[in-house]
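Structural characterization, general
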Amino acid sequence: MAEIASRTAELDARVDEILRGGVDPHVHSGPSIAARAVDHLELARQLSDAGFIAAVTKDHDYSGVVPTEMIRKHHPELSTKVYSGIVLNNVVGGFNPYAVEHTAAMGGKIVWLPTLAAENHLKWEKSSGWAHPASTQKIRPATAVPLFDGDGKLLDSVLDVLDVVAATGMALASGHIHVSETKVIFAEAIKRGVEHLIFTHPEDIVGASLEDARELAQMGAYVEHSLAFFLNGSKFQTRKEEELKAHIDIVGVDRTILCSDLGQVGTFAPIEGFRNGVLACIKLGYSDSQIHEMVATNAANVLGLTR
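The sections below set out a description of the structure shown in this document. Residue indices begin from 1 for each chain and proceed along its sequence in written order. Only residues with pLDDT of 70 or above have their local features reported here, since the model is predicted, and side-chain atom pairs are shown and tallied only from 80 upward, although totals for entire chains, interfaces and linings are computed over all residues. Derived side-chain values reflect all non-hydrogen atoms in the structure, with water molecules and hydrogen atoms excluded from consideration.

1. Some remarks on the pattern of salt bridges
Think of a salt bridge as a Lys or Arg side-chain nitrogen and an Asp or Glu carboxyl oxygen that are within 4 Å of each other. Applying the stated criterion across every chain, the model contains 14 salt bridges. Between D12 and R275 there is a salt bridge, with its nearest N and O atoms 3.9 Å apart. Taken together, the positions of D12 in helix α1 (residues 2-19) and R275 in helix α10 (residues 270-283) put the pair 263 residues apart, joining distant regions of the chain. One network of salt bridges, in which partners are shared, links D12, D16 and R275. We count a stretch as a helix when DSSP gives it H or I for four or more residues in a row; a strand needs E for two or more, and each element gets its number in order from the N terminus.

Next comes the structure, spelled out in structure tokens:
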């Protein structure tokens, strides 16, 4: 028993060290119209205890830059600096350059293309049996935010937002639009000077293959995987832990970001998701330095935290 306890303690210490300096660029803390198990301040405290340097809160319905600015100001003792961004859904007016500029001016780090209001998401939702947890009780159902005009060209409002992202240096994340749409928008974003691109969870919702992920990585995007979809015991699990290796290997460790995509009720806390994710990666054969790159270094790079 003592030998088993010693091995367990040694493995726990190894996970601790890998996560020191970690970054969670996609976490669903509250307050939110949907039920959350942890709020932004609680998240900052939990991740600080684990030695994380940063997290980016994501809410499908509002820009979280105000509360995160207050946390950074009033809790300088926390090692985890909490940031936020904006998701271009109905609540903020879709492709609203004013909202994006405001988010940037308040220290926002990421602009997510439509998620719950993506046409692709709404189609997926009909077959998945999933719905926004608050949509039938508190808000009207989402309607599709358009990306293209009748001729298949990107709308001027989309181009305007891409120009704002380029000018402010924020990262552009693909959200829940279809992978085919992501390729078009990312190509245009690159032309307009956007430097930081994140391909959001190719393993679910967005219709991506491994080859699609490789193509986007070759364009310069980081490929972000949601641990919530891979971990045994997660209520959001749609993939086996072993499948994560194929996703990582197709683009390489240097282009892979692991995020929690957690914070909801009834499943792992974000930090638990990360610990389980690290254990899964160890089991899959990745070195400690490779795992650290995927849970810390790459996200810090795309968020501009290493400058």
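Structure shown, so let's carry the discussion forward.
2. Points about the sheet that holds strand β5 (residues 110-112)
Two strands qualify as a pair provided DSSP detects at least 2 bridges between them. Taken in spatial order, the 6 strands of this open sheet run β4-β5-β6-β7-β8-β9, and their pairing is parallel. What marks the edges here is a single partner per strand, and that holds for β4 (85-87) and β9 (256-259). Averaged over all pairs of adjacent strands, the angle between their axes in this sheet comes to 25°, without regard to strand direction. Structural elements are reduced to axes, namely lines fitted to C-alpha atoms, with helices fitted over the stretch in contact, and the angle between N-to-C directions of any two is expressed from 0 to 180 degrees.

3. Description of the packing of aromatic side chains
What counts as a ring pair is set by centres within 6.5 Å for rings of Phe, Tyr and Trp (its six-membered ring), and what kind of pair is set by the plane angle: stacked under 30 degrees, edge-to-face over 60, tilted for all other angles. The final tally for this structure, using the stated rule, is 1 aromatic pair. Measuring from ring centre to ring centre gives 5.1 Å for F52 and F274, while their planes differ by 75°; the resulting arrangement is edge-to-face. With F52 in the loop between α2 (40-49) and β2 (54-57) and F274 in helix α10, this residue pair connects regions lying 222 residues apart in the sequence. Exposure remark for F274: the relative accessible area of 0% places this residue in the buried category. A ring is scored as having a charge over it whenever the NZ atom of a lysine or the CZ atom of an arginine sits within 6 Å of its centre and within 35 degrees of its normal. Over the aromatic face of Y83 sits the side chain of K109, whose NZ or CZ is 5.0 Å from the ring centroid. Positioned over the ring face of Y222 is R255, at 4.2 Å from the centre of the ring. Relative accessibility decides the category of a residue: with a 1.4 Å probe and only protein chains considered, values under 20% of the type maximum give buried, values over 50% give exposed, and everything between is partly exposed.

4. Overview of the layout of surface pockets
In this structure, the largest pocket occupies an estimated 530 Å³ of space. When residues in the lining of the largest pocket are grouped by element, the largest group, 3 residues, is from helix α5 (residues 119-128). Residue composition of the lining of the largest pocket, by class: 11 nonpolar, 10 polar and 5 charged. Using a 1 Å grid laid over the protein atoms alone, points where a 1.4 Å probe fits but cannot get out form a cavity; open sets with protein on both sides within 12 Å along at least 5 of 7 lines form a pocket; any residue with an atom within 4 Å of a point counts as lining. Grid points are joined across faces, edges and corners, and a volume is the space filled by probe spheres set on the points. The residue classification treats Ala, Val, Leu, Ile, Met, Phe, Trp, Tyr, Cys and Pro as nonpolar and Asp, Glu, Lys and Arg as charged. All others, Gly included, are polar.

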